[in-house]
Structure formats: structure tokens, C-alpha cells
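# Descriptive analysis of the structure
Listed below are the residues making up each chain.
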Amino acid sequence: MLFFNIINLSLIGNIDKNDSFIKVDDGCDIMKPIMFLQNLITDETPILELKNDVSISKQKKYQVLGLSPGSLTNRYIERMYYQNLKWFYYKKEEKKYGYPFYILDELMGSYLAKAIELPAVSFYIAKTKDSIGIASENFRTEQFDYYFIQQLPINGLLENRFNLTNLEILKSLCIDSNNENQLQEHILKLLALDLYMLQKDRGYVNLQFQIERATQYLDISLAYDFSNCVDEADSTSILIKNPIVVKKISTICRLSEYITTSNNVYYMESNL
């Protein structure tokens, strides 16, 4: 099966909100989303066809996600498919006025993450009986235990201010200095990528940590859910969600701020 993230990004990079093929509703400025996948697909394009298995219960899906039953709305659970002994999470292409490029956000986020050596999910072109979209495989394996940030034992110590104190608290769970350095590098790369893409939805369920059972080595899991990015922001700040930086649902983050480690500097230009 062909992963979508190998598509020539020169095509994606040339998309602009003022291009003529992006339709606009009569009498308003709300953009309709580009039918990007439909424009690319041909008769020879490999497509993952997803079908519902009625024998799979909602409780089983919650178990696969590592969440308590009822903690997500049904629309998220309905996006999960099980076939060929694999779990897939599906996002269909549809009108989404708040974030019209959300499918492109997913593809670009996965591509850019791997370009900076940040482990991330890959996507298949996929379809169901009545829609087309993208799908990623469930990345959870028996090699690791997985946690959302509120499930980690240090959750009660995390602060509500915009600083990197929480990063230091997370590092206290690492087994050695090498573990600390890798965790810090991956967290800062994810934060830098989210700021670069103007990501507004890196919430609690959009970020997971993994602890290897054999070694107790801590890291973030494969990065996923890059959708819901805005197209533009104020030149100095953007309202974001990020549970590592701050425990509150959202905070103002200055895009021109330096985020440094002992070996690297990640700098977010505010030239928007």
C-alpha cells in the first residue's frame, strides 16, 4: 500500500487560498475545502477500502485507544476500523469551514515531522462506502505501555504557566541522561512543528507517551493528529493548546520565542 506522505510536496506547497480552484460561497468569505484527494486519485491509485465490522464493540475500540468508555464522542469511535488484523483511524474529506485545509494539515504534518526526524504516523489514501479520506494504522504495540499526560504519575506537579518547567518534570521520569535528551528533543521538535504549522489543537488526546516495558525508557509516541491548523495569525501570538507547555486548555504563545536545548535551538519566525 502506498503511503501518502511520499507525494511530491511541490504540489502541496503551491496551494494558496487565493487560487482559482478554491471555491467561495456566494455572498461570504468562507472558503470551501479543496477536494484534494479526489483531484489526485486515478484508476490506478492504490486505495485502502475500509468496512465496518459489526462484531467489534465500542468498548473494544475504547480499549484499543487506551481511554475510558464514554470519554470521547461517538464520531471519534466511529472513525475506527478493524480489518486484516489491523486497526485503522480514518478521517474523511468533508466541508470544514473552521479548518478548510485539515486533510492537508495531516499530510504536511506527517511529512514535516519525518523531515526533522520526529517519529510520526503515516497515511493511506482510504475510502468507505460513502466517503474518501485518509487513514493511519494504530501505532500501539505490546512492547510499550501508553499514557496520556494526565495519566502519568507527575500530572499533579505540572504547572499552568507558559514555561518549560513541565518539560523538566517530565524528564524526571527518564531512566538516564540519554533518555532525558531524547525525550526533550522530541518534545521540542513537536512543539516547534506545531508552532510552525499554527496548530491549535494539540490537546490531551492528541499526544501520547510510551514507556518501553523491558527498559522503562520514556518517550512520546508517534506524533499524530496534525489537523486544525489556522492559515494565519497575529504577528506576535497565537492561541494554542499544548498540555506539555501548560495544563490549561489553551494559552497565548509568542511565536518569536526561542526554545533551546543544550545542543539545538528551535526558533519560530513570526514573519506571518
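Let me sum up the structure you'll find in this document.

About the cut-offs
- Residues numbered from 1 in each chain as written.
- Predicted model: local features only at pLDDT ≥ 70, side-chain atom pairs only at ≥ 80, totals over all residues.
- Heavy atoms only, no water.
- Pairing = 2+ DSSP bridges.
- Helix = DSSP H or I, 4+ residues; strand = E, 2+ residues; numbered from the N terminus.
- Contact = heavy atoms within 4.5 Å.
- Axes fitted to C-alpha atoms, helices over the stretch in contact; angles between N-to-C directions.
- Salt bridge = Lys/Arg side-chain N within 4 Å of Asp/Glu carboxyl O.
- Buried < 20%, exposed > 50% of the residue type's maximum accessible area, 1.4 Å probe, protein only.

## Considering the sheet that holds strand β4 (residues 124-127)
- Read across the sheet, five strands follow the order β1-β4-β5-β3-β2 without closing on themselves; strand pairing throughout is mixed. Edge positions in the sheet fall to β1 (48-49) and β2 (80-83), since each has one partner strand and no second.
- Note: β2 against strand β3 (residues 86-92), four bridges, orientation antiparallel. Residue pairing in the sheet places M80 in a bridge with Y89 of β3.
- Each of β3 and β5 (132-137) is contacted by helix α5 (residues 102-115), which is oriented at about 135 degrees to β3, the strand it contacts most.

## Here we look at the pattern of salt bridges
- In total, this model carries seven salt bridges according to the counting rule given.
- Residue D225 is joined to K91 by a salt bridge in which the shortest nitrogen-to-oxygen separation is 3.1 Å. With D225 in the loop between β8 (218-220) and β9 (237-240) and K91 in strand β3, this residue pair connects regions lying 134 residues apart in the sequence.
- What makes D225 buried here is its relative accessible area of 16%.
- With a closest N to O distance of 2.8 Å, D145 and R213 form a salt bridge. One end of the pair, D145, is in strand β6 (residues 144-147); the other, R213, is in the loop between β7 (209-212) and β8, with 68 residues separating them in the sequence.
- Note on D145: relative accessible area 26%, which makes it partly exposed.
- Relative accessible area serves as the criterion here: at 46%, R213 is assigned to the partly exposed category.
- In this structure, a network of salt bridges that share partners links the residues K91, E106 and D225.

## Things to note about the sheet that holds β8
- Spatial ordering of the open sheet is given by β6-β7-β8, a layout of three strands whose pairing is antiparallel. Bordering the open sheet on either side are β6 and β8, each of which pairs with just one other strand. Direction aside, the axes of adjacent strands within the sheet are offset by 30 degrees on average.
- Pairing of β7 with β8, which is carried by three bridges, proceeds in the antiparallel orientation. Looking at the pairing, I211 lines up with L218 of β8.
- Taken strand by strand, helix α7 (residues 177-196) contacts β7 and β8, and its axis lies near 10 degrees from that of β8.

## A short note on the pairing of β5
- With five of six residues buried, β5 lies mostly within the body of the structure.
- Pairing analysis gives five bridges linking β3 to β5, with the strands arranged antiparallel. If you follow F88 over to β5, its bridge partner there is E137.
- The loop that links β4 with its antiparallel partner β5 comprises four residues.

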